[in-house]
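Tertiary structure, described
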2 protein chains.
Amino acid sequence: MKLDSQNLADLAVGAAFLGTGGGGDPYIGRQMVEICLSEGLEVDLVDPDSLRDDDFVIPTAMMGAPTVLVEKVPSGEEAVHSLKRLELRLGRRATHTMPIEVGGINSTIPLVVGARLGLPIVDADGMGRAFPHLEMETFGVYGVPGCPMVVSNEWGDSAVIETTDNRVMEWLSRGVAIRMGGAAYIAEYAMCGADVKRTAVPRTLSLAIRIGRMLRDAKANHQNPFDALLGLLPDTLYHYGRIIFAGKIADMRRETRNGFSLGTARIDGLGRWTGLMEIEIQNENLIARVNGEVRAIVPDLICIMDSETAEPITTENLRYGQRVTVMAVSVPEIMRTPEALAVFGPSCFGLKEPYVKIEELPA
Amino acid sequence: MKLDSQNLADLAVGAAFLGTGGGGDPYIGRQMVEICLSEGLEVDLVDPDSLRDDDFVIPTAMMGAPTVLVEKVPSGEEAVHSLKRLELRLGRRATHTMPIEVGGINSTIPLVVGARLGLPIVDADGMGRAFPHLEMETFGVYGVPGCPMVVSNEWGDSAVIETTDNRVMEWLSRGVAIRMGGAAYIAEYAMCGADVKRTAVPRTLSLAIRIGRMLRDAKANHQNPFDALLGLLPDTLYHYGRIIFAGKIADMRRETRNGFSLGTARIDGLGRWTGLMEIEIQNENLIARVNGEVRAIVPDLICIMDSETAEPITTENLRYGQRVTVMAVSVPEIMRTPEALAVFGPSCFGLKEPYVKIEELPA
């Protein structure tokens, strides 16, 4: 499937939704791909089932605090450099690139890389959403090593990280990314086609495009966009969703620390929603509580959307006074196994609450 | 020249002297080489003039805060791993290793690497003393690139840093070393034999051995060790030295910050030495002032020695109440050019005072 400009607009919206607040402003990523299209380059999205077992896929991404990207807009060559550097290290050319996460800008970085290098992009990712740490990948959960990985900056400086522990990879590469100014570009989890089919969350980019299109169509047809979106989910791996709160942002705390965007959003209920919702953020929305009671918890999606337009709002764009609706969505089963929860379940973020599926939490 | 146990003992003393307070406790480095000798391995020191122009030299070292080493003693395999990793990156085997600095533990790390790999060690280094930053190398001053460089830890994790700017190399690799626990092992400034002859400070390891032997002989013969040492210098590239102060350590401030050992030593004058000497430290002794007047300044050596035994004292071993004698020594001319002072002169350490050769400063 060759993506066009309309697909990119829809993808930006859907990726912001699946990014559950994180992954960076999708607008910047979209602009980067638009430039490729305007140069006549092709963005070719392919289904993971079309991969041959011995294809060789090198995922690419941005790493760092999304808040930094607004000030340090990438050219698109940074992640290309990371992929080329990793090819050199491995002595093997990539046949495809792929996202490591579907959230925000990281759904589009591989599109830029694929367009510039003439590589198809696999319609899948390793997070099924966005997560703040590089070890939080279904790739790693199911045995694909993250290293060797490459971290590059806009000046062509790079570091090749080698370790057998994906948490150490995250720790060391984050140190490099911080010293590169808080945002850097990476290639990691190089793997064969068989491993993609075994370990990736499939068809998340095309799902993001469908979500964006659905919200656009609903708006054009004066339908309720939240209803439209909830109607789409049962047909996907993200089969369950519901609105868990709506209100006005009463308080927004935010800081960039240790290379992450940390914060808390507090939302005063409006209409039938009473009480105060608190959402804790580490790049992404991790847990939503109302008056201390859990209403949704990582890895399930917690999406803050504009109550009027249903536009998903990334954490760096949350502002005092916004009217927002919060939707929670179940993640695919590959992300809910004990092995997966050991890598990106609540305890991995220092949360004391156990994981309870959104389907099983009281509304 | 095959080094024996006595050479190592002398080297540890001389390297602590040339290290001008920094480079780590030489005792730990000496023990690492002693283990090699006890296993029957050879430590073969060769003169830089014996190198063929197309020999291939990979320097090895420890990087990090010397204060950390006391708690995290290296096995000796860490730097071997860094060298092997750099060989892989470059697709070329080293014919020799070499120190990047002659101070403290970094005069001995290459001896361990050479012994374990059966490589001769070049009797030269890139600092002619110890410095806190990796760009502060005569190698780099005279055009040898520091990258690609490898940083490894005791677990076999590594990062290959690539940049054309040696200051960026320092900045990024320091970030990795800090996240590796404050001490890591490196291979960098890989170069051919011709470049060693052109850019290195020659014969600094054998000089350190001579200094150690001289101090030992003086003690055995009940001679004044300071006089003996000052008598040796005119015959070397470090041709001038004098005692600039003696007294009792009145106050010692020290902290480990950003991967460095920072501090100030204050010394109350005794005997004919009046007033208060303050020595500023960033891993090494940088500047000595008496009542605010400069008595010696980087890159010239400022060595704090035990007043009784003339044993050089590294910064982490300075203690309140010690009786110490401070000696300043001129560095080789290759380290005093405008190009060299632009990389490791006083302004590179944030000092406002200009460089004045110790020969030209008032006593």
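Residues numbered from 1 in each chain as written. Chains lettered and ligands numbered in written order. Predicted model: local features only at pLDDT ≥ 70, side-chain atom pairs only at ≥ 80, totals over all residues.

1. A few points about helix α9 (residues 204-220) of chain B
Residues and elements named next belong to chain B. For α9, which comprises 17 residues, the first-to-last C-alpha distance of 24 Å matches the rise-based estimate of 24 Å (1.5 Å per residue) to within 8%. Residues of α9 that are buried include every one of Thr 204, Leu 205, Leu 207, Ala 208, Ile 209, Ile 211, Gly 212, Met 214 and Leu 215, and no others. At its buried positions, α9 is contacted by α1 (5-18), β1 (45-46), β3 (96-99), β5 (124-125), β10 (201-202) and α10 (225-232). His 222 lies just past α9 and shows a positive phi near 55°. (Helix = DSSP H or I, 4+ residues; strand = E, 2+ residues; numbered from the N terminus. Expected span 1.5 Å × (residues − 1). Buried ≥ 20, exposed ≤ 12 C-beta atoms within 10 Å, placed from the backbone. Contact = placed C-beta atoms within 7 Å.)

2. With respect to the domain arrangement of chain A
Residue and element names in this part refer to chain A. If you check the domain split of chain A, you get domain 1 (5-202) and domain 2 (229-360). If you look at the interface, domain 1 gives 31 residues, while domain 2 gives 28 residues. Only α1 (5-18), α3 (66-69), α6 (138-141) and α7 (166-179) provide two or more residues apiece to the side of domain 1 that touches domain 2. Taken together, the residues of the side of domain 1 that touches domain 2 sort by class into 15 nonpolar, 12 polar and four charged. (Domains from an automatic or database assignment. Nonpolar A, V, L, I, M, F, W, Y, C, P; charged D, E, K, R; others polar.)

3. Notes on the relation of the copies chain A and chain B
With an RMSD of 0.0 Å, the fit of chain A onto chain B corresponds to turning through 180° and sliding 0.1 Å along the axis. The relationship between the two copies is best expressed as a two-fold rotation axis. Closest to the rotation axis within chain A is the C-alpha of Val 160 of chain A, separated from it by 2.4 Å. (Least-squares fit on C-alpha atoms with pLDDT ≥ 70 in both.)

4. Points about the nonpolar core
Grouped together as the largest cluster of nonpolar side chains are 236 residues, with contacts concentrated most on Val 326 of chain A together with Val 326 of chain B. If near-sequence neighbours (up to four positions away) are discounted, Val 326 of chain B is found in contact with Ile 243, Ile 244, Phe 245, Ala 246, Met 277, Ala 288, Ile 302, Cys 303 and Ile 304 of chain B. (Core = buried A, V, L, I, M, F, W, Y, C linked by C-beta atoms within 7 Å.)

5. Observations concerning the confidence of the model for chain A
Of the residues in chain A, 99% reach a pLDDT of 70 or more, and the chain-wide mean stands at 94. Here the predicted complex carries an ipTM of 0.86, next to a pTM of 0.90. (pLDDT = per-residue confidence, 0-100.)

6. What about the sheet that holds strand β16 (residues 301-306) of chain B?
Residues and elements named next belong to chain B. Taken in spatial order, the seven strands of this open sheet run β15-β14-β13-β12-β11-β17-β16, and their pairing is antiparallel. The sheet terminates laterally at β15 (293-297) and β16, the two strands that pair on one side only. Each neighbouring strand pair of the sheet contributes to a mean axis angle of 35°, computed without reference to strand direction. Strand direction decides the pairing type here: β16 and strand β17 (residues 323-329), joined by six bridges, are antiparallel. (Pairing = 2+ DSSP bridges. Axes fitted to C-alpha atoms, helices over the stretch in contact; angles between N-to-C directions.)

7. Points about the interface of chain A and chain B
Facing 14 residues of chain A, the contacting portion of chain B comprises 14 residues. Looking at the side of chain A that touches chain B, the element that brings in the most residues is α7 of chain A, giving seven residues. Among the residues forming the side of chain A that touches chain B, the class breakdown is eight nonpolar, three polar and three charged. One ladder, built from five bridges, connects strand β7 (residues 158-162) of chain A with strand β7 (residues 158-162) of chain B; its direction is antiparallel. What sits directly across from Ile 161 of chain A, in β7 of chain B, is Ala 159 of chain B.

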